[in-house]
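Below, each chain spelled out in residue letters.
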Amino acid sequence: MIREFLYKYYIDPIRYGEAYTLVDTLTYALILIAAVYLVYRGLRRYRIAVDEELVLATLPFVVLGGLLRVVEDTGMITSDLRFLLITPLIFFSIFAVAAIALFAGKLAENAGLVSRYSRLYGGVGIAACLVAASALVWFGLTEATIALDVLAVILVFASVTSLALWAFLVYVLKWDYASNILYKLLIFGHMLDASATSYGIDIHPVGYVEQHVVGAALIDATGTAFSMFLLKVAVLIPAVYILEMYRREGDPGLWHLILLAMIVVGMAPGIRDLARMVLHV
């Protein structure tokens, strides 16, 4: 019975690319919460400050996760290694690469080889993104297509909605702290996700589908994927407020890590969906 349960809710969805269920969604959410805490404890143990510098240097790895997910979507990798690039295993794959780069950067800083660990750490992430992006561009030029109009439209959607939400927070609600670069990245990441989802389901000729439980239920209920913007706004406004209250009274290090995790769950799938739609895969 246990074996059947594991295959039904965890193994088969990965192997066959099935939609998420309530069971695996809740499981992965709990794993994410536990992972944030364990990473926080590990960083403190090795005296690596969990601050804005760390978050910004980690962002290339967030982008890398989205790009590598599309590398798997294209079918370029035919061996079983492709399963390492499927959610949720890709999170562990990217984490392993990022952890190695992070500690290598810290060792290089301690040895006086670099002025700041983030230069090497973030540099590795940027270099990996360039390699992954180059592979996708080559695939688009030789095997598929590169729809620059799709790229432009989704980015315009994301930029306009991000600017509108930021302006509402700052000028209507008077939350000046929403101008913090990390809050801006949080807003843009999730608006990019909403923009790509909306365009992919309601406009794109391929006709993509929403695989996440909450999003799929909302789209079914409203009849349009553009309702994802309402969902994002409904989540982001209280999230920004609660995060800021915690920043002022709680642990700044844990605040940075929680904010990074929230950026990841919006930006990574947004980048993946954007790249898929540009390539029509």
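Please read all numbers here as calculations on a predicted model, not as lab measurements.

## Notes on the packing of helix α9 (residues 228-249) against helix α10 (residues 252-279)
Two measures define how a pair of helices packs: the angle their axes make with one another and the distance between the axes.
And step 1. Packing of α9 against α10 leaves a shortest axis separation of 9 Å and a crossing angle of 160°. Regarding the angle of α9 to α10, the classification is roughly antiparallel. Pair α9 / α10 crosses with left-handed handedness. Between α9 and α10, the contacting residues are Ala239, Leu243, Glu244, Tyr246 and Arg247 on the first element and Leu254, Trp255, Ile258, Leu259 and Met262 on the second.

## A look at the confidence of the model for the chain
And step 1. In this model, the chain carries a mean pLDDT of 86, and residues with pLDDT of at least 70 account for 89%.
And step 2. For the chain, helix α1 (residues 2-16) is the element with the lowest average pLDDT, namely 53, and helix α6 (residues 148-172) is the one with the highest, namely 96.

## Overview of the environment of Tyr117
And step 1. Structurally, the position occupied by Tyr117 is in helix α5 (residues 117-142).
And step 2. Accessibility expressed as a relative area gives 3% for Tyr117, which makes it buried.
And step 3. With 14 residues separating them along the chain, Tyr117 and Phe103 place their C-alpha atoms 8.3 Å apart.

## Things to note about unusual backbone geometry
The general pattern is negative phi for most residues beyond glycine and trans for most peptide bonds.
And step 1. Even without glycine at this site, Lys174 takes up a positive phi of about 65°.
And step 2. Within the fold, Lys174 resides in the loop between α6 and α7 (181-202).
And step 3. If you check the backbone angles, His280 has positive phi at about 60° while not being a glycine.
And step 4. For His280, the location among the structural elements is in the segment after α10.
And step 5. For His280, a relative accessible area of 33% gives the class partly exposed.

## As for the packing of aromatic side chains
The description of an aromatic ring pair uses the distance of the two centres, along with the angle that the planes make with each other.
And step 1. Within the structure shown, the criterion is met by 8 aromatic pairs.
And step 2. Relative to Phe226, the ring of Phe157 lies with its centre 6.1 Å away and its plane at 70°, an arrangement referred to as edge-to-face. In this pair, Phe157 sits in helix α6 while Phe226 sits in the loop between α8 (213-222) and α9, placing the two residues 69 residues apart along the sequence.
And step 3. Given the relative accessible area of 32%, Phe226 is considered partly exposed.
And step 4. Of the aromatic side chains, those joined through ring pairs into one cluster are Trp175, Tyr177, Tyr183, Tyr241 and Trp255.
And step 5. Between the NZ or CZ atom of Arg247 and the centre of the ring of Trp255, over which it lies, the distance is 5.9 Å.

What counts as what
- Residues numbered from 1 in each chain as written.
- Predicted model: local features only at pLDDT ≥ 70, side-chain atom pairs only at ≥ 80, totals over all residues.
- Heavy atoms only, no water.
- Axes fitted to C-alpha atoms, helices over the stretch in contact; angles between N-to-C directions.
- Helix = DSSP H or I, 4+ residues; strand = E, 2+ residues; numbered from the N terminus.
- Parallel < 35°, antiparallel > 145°, perpendicular 65-115°, else oblique.
- Left-handed = near helix turned anticlockwise from the far one by under 90°.
- Contact = heavy atoms within 4.5 Å.
- pLDDT = per-residue confidence, 0-100.
- Buried < 20%, exposed > 50% of the residue type's maximum accessible area, 1.4 Å probe, protein only.
- Phe/Tyr/Trp six-rings, centres within 6.5 Å; stacked < 30°, edge-to-face > 60°.
- Lys NZ or Arg CZ within 6 Å of the ring centre and 35° of its normal.

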